[in-house]
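One-letter residues, chain by chain:
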Amino acid sequence: MKRCTSCKEGFLKPGLIDELFRGYTCSSCEGSWILVEDFLAWKNKNPDFHFPDEQESLSHREVEETKQAILCPVSGAIMQKIRIMAGSEQRIDYSTVVGGIWLDKGEWELLKAEGLAGSLNSLVTHEWQKRIRESKAQENFSEMYRVKFGDELYDKVKEIRKWLYSGEQKSDILAYLNAEDPYSAER
């Protein structure tokens, strides 16, 4: 049995995650080590399985997250922290070397509650992470403009922008608005 690289106290015991697919659970911190290939093998054998919608409030769940970098229990390499979705700061640890995911205690339940458990393998893809980064950038820009313009003016500017970009004369209107003197033949 391997020692847990997250808490460094317990040992990783083989078993099944939710009695569904192979994984390893720490005897001390209750974190889980899952190889993406094991999850995919189970998923391919059970294509019609859907995780039930869990209505329990997440505030009642105990979700822990290691803030420090942890080592892959197989390779010993530093694992990468990746976001699970744009609206959350919650991150899971991923070993790019062996394709393994470390879930801290409560993170599997969080993934199920957010409807992401069936997409566990997708969370680690470049495309998924790119969408999260793009969404986060949009949130940041939106907040920057909201602070700069104020709520009322920002909402009005967004409304004007939407109207402007839905019209056929967008270029002409923008040229008119950008001209210092739109009625002059000189620049």
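Definitions and limits used
- Residues numbered from 1 in each chain as written.
- Predicted model: local features only at pLDDT ≥ 70, side-chain atom pairs only at ≥ 80, totals over all residues.
- Heavy atoms only, no water.
- Pairing = 2+ DSSP bridges.
- Helix = DSSP H or I, 4+ residues; strand = E, 2+ residues; numbered from the N terminus.
- Contact = heavy atoms within 4.5 Å.
- Salt bridge = Lys/Arg side-chain N within 4 Å of Asp/Glu carboxyl O.
- Core = buried A, V, L, I, M, F, W, Y, C linked by side-chain atoms within 4.5 Å.
- Buried < 20%, exposed > 50% of the residue type's maximum accessible area, 1.4 Å probe, protein only.
- Axes fitted to C-alpha atoms, helices over the stretch in contact; angles between N-to-C directions.
- Parallel < 35°, antiparallel > 145°, perpendicular 65-115°, else oblique.
- Left-handed = near helix turned anticlockwise from the far one by under 90°.
- Nonpolar A, V, L, I, M, F, W, Y, C, P; charged D, E, K, R; others polar.
- Phe/Tyr/Trp six-rings, centres within 6.5 Å; stacked < 30°, edge-to-face > 60°.
- Polar contact = N/O pair within 3.5 Å; in protein donor to acceptor, adjacent residues only side chain to side chain.

## Digging into the pairing of strand β2 (residues 21-26)
In regular strands, side chains alternate between the two faces of the sheet. As judged from the 6 bridges shared by strand β1 (residues 12-17) and β2, these two strands associate in the antiparallel manner. Residue pairing for β2: Ile 17 is matched across the bridge by Phe 21. In sequence, β1 turns back onto β2 through a hairpin of 3 residues, with Asp 18 there showing a positive phi of about 55 degrees. By the bridge criterion, 2 bridges tie β2 to strand β3 (residues 32-35) in an arrangement that is antiparallel. Looking at β3, one finds that Tyr 24 is bridged to Trp 33.

## Section: the environment of Ile 173
Relative to the helices and strands, Ile 173 is located in helix α5 (residues 170-178). Considering only alpha carbons, one finds Ile 173 and Leu 16, 157 residues apart in sequence, at a separation of 62 Å. Every residue in contact with Ile 173, bar those within four places of it in the chain, is listed here: Trp 163 and Leu 164.

## Quick word on the pattern of salt bridges
Applying the stated criterion to the full structure yields 9 salt bridges. The partner of Lys 81 in a salt bridge is Asp 93, and the shortest N-O contact between them spans 2.7 Å. Here the residue Lys 81 occupies a position in strand β4 (residues 80-83), and Asp 93 occupies one in strand β5 (residues 91-95), the gap between them amounting to 12 residues. Here Glu 89 and Lys 136 are joined by a salt bridge, their closest N and O atoms 3.4 Å apart.

## Focus: the nonpolar core
Counting residues in hydrophobic clusters, the biggest one holds 24 residues, and the most contacted among them are Ile 101, Trp 108, Leu 111, Leu 120 and Leu 123. Those elements that place two or more of their residues in this core are α1 (36-45), β5, β6 (100-103), α2 (107-113) and α3 (126-149). Beyond its immediate sequence surroundings of up to four residues, Leu 120 is in contact with Ile 34, Phe 39, Ile 101, Trp 108 and Leu 111. Core analysis: the next-biggest nonpolar cluster, separate from the first, contains 10 residues, Leu 12, Cys 26, Ile 70 and Met 79 among them.

## With respect to the packing of α3 against helix α4 (residues 151-166)
As a packed pair, α3 and α4 sit with axes 6 Å apart at the nearest point and diverge in direction by 120 degrees. Considered as vectors, α3 and α4 are oriented oblique to each other. In the packing of α3 onto α4, the handedness of the crossing is right-handed. Of α4, the residues touching α3 (which contributes Ser 142, Tyr 145, Arg 146 and Phe 149) are Asp 151, Leu 153, Tyr 154, Asp 155 and Lys 158. When the residues that make up the contact of α3 with α4 are grouped by side-chain class, the tally is 4 nonpolar, 1 polar and 4 charged.

## Details of the packing of aromatic side chains
Within this structure, the stated rule accounts for 13 aromatic pairs. Between Phe 51 and Trp 108, the aromatic rings sit 5.5 Å apart at their centres with planes inclined by 80 degrees, giving edge-to-face as the arrangement. Residue Phe 51 is located in the loop between α1 and β4, and its partner Trp 108 is located in helix α2; the two are separated by 57 residues in the primary sequence. On the basis of relative accessible area, Trp 108 is assigned to the buried category, the value being 5%.

## Some details on the side chain of Thr 5
Inspection of the secondary structure assignment puts Thr 5 in the segment before β1. Within polar-contact distance, the side chain of Thr 5 engages the backbone oxygen of Leu 71 at 2.5 Å. With near-sequence residues (within four places) excluded, Thr 5 lies in contact with Ile 70, Leu 71, Cys 72 and Pro 73.

## Remarks on the sheet that holds β6
Sheet architecture is open: 6 strands sit in the order β1-β2-β3-β6-β5-β4, paired in antiparallel fashion. In the strand order of this sheet, the two ends are held by β1 and β4, each with one partner. Each adjacent strand pair in this sheet contributes to an overall mean axis angle of 35 degrees, direction not counted. Across the face of the sheet, α1 comes into contact with β2, β3, β5 and β6 while running at roughly 65 degrees to β3.

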